[in-house]
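# Analysis of the macromolecular model
Here's the letter readout for the chains.
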Amino acid sequence: MQVADGKVVLIHYTLRDDAGEELDSSAGSDPLVYLHGYQNIVPGLEKELTGKAKGDKVAAVVAPEEGYGEHDPAGVQKVGRDQFPAEVPMEVGVQVFAQTPDGQQFPLWITEVTEKEVTVDGNHPLAGKTLHFDVEVVEIREATDDEKAHGHAHGPTGTEGHNH
Ligand code: ZN
């Protein structure tokens with residue numbers, strides 16, 4: 001069986017940046033389980049994994065436009081510290097949620113903190129970065145009808161996550 005749309009794929013992966021620094025990895029934990037062809041992983045990696053078989057190892061270099069997008073400077077803003085609820089830790093890397101006027105929530109990441117101001121960035125922390133993936137295909141199986149209807153995998157065997 002090969003990786004294709006409508007298959008559930010289990011992968012082990014390590015993600016590094018241009019400098020070779022590790023950003024994320026599944027090493028030491030369970031493989032990542034995802035439904036192929038449903039935009040559950042970044043497009044560039046999905047493309048590289050298409051057609052691969054169980055046991056294949058893939059080194060994929062994914063440009064920002066096929067990863068988390070280019071960094072949009074318009075997404076960066078400075079906000080007074082007093083605009084944040086007291087329970088939010090004022091630390092770089094902390095994710096906070098803001099609301100549009102029509103009530104939609106969207107995530108922001110704190111990127112700088114000064115005495116009076118906090119810089120928040122609506123771009124994904126990996127936006128603008130070239131992603132270097134080392135991936136091993138651990139398992140491939142047919143997706144269940146439920147998984148295809150939901151657009152995501154229900155765990156390694158397809159039986160998890162039926163409570164949504
Ligand atoms: Zn589901």
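Residues numbered from 1 in each chain as written. Predicted model: local features only at pLDDT ≥ 70, side-chain atom pairs only at ≥ 80, totals over all residues. Heavy atoms only, no water.

To continue, consider the pattern of salt bridges. Under the defined criterion, the tally for this structure stands at five salt bridges. Put simply, Arg16 and Asp134 hold a salt bridge, and the shortest N to O gap is 3.2 Å. Of this pair, Arg16 sits in strand β1 (residues 7-16) while Asp134 sits in strand β9 (residues 131-142); the two residues are 118 residues apart in sequence, bridging distant segments of the chain. Among the residues examined, Arg16 registers a relative accessible area of 29% and is labelled partly exposed. A relative accessible area of 38% places Asp134 in the partly exposed class. Between Glu66 and Lys47 there is a salt bridge whose closest N-O contact spans 2.4 Å. Highlighted residues: Glu66 in the loop between β4 (57-62) and β5 (76-80) and Lys47 in helix α1 (residues 43-49), separated in sequence by 19 residues. Classification of Glu66 by relative accessible area gives partly exposed; the value is 28%. (Salt bridge = Lys/Arg side-chain N within 4 Å of Asp/Glu carboxyl O. Helix = DSSP H or I, 4+ residues; strand = E, 2+ residues; numbered from the N terminus. Buried < 20%, exposed > 50% of the residue type's maximum accessible area, 1.4 Å probe, protein only.)

These figures come from the coordinates and say nothing about function on their own.
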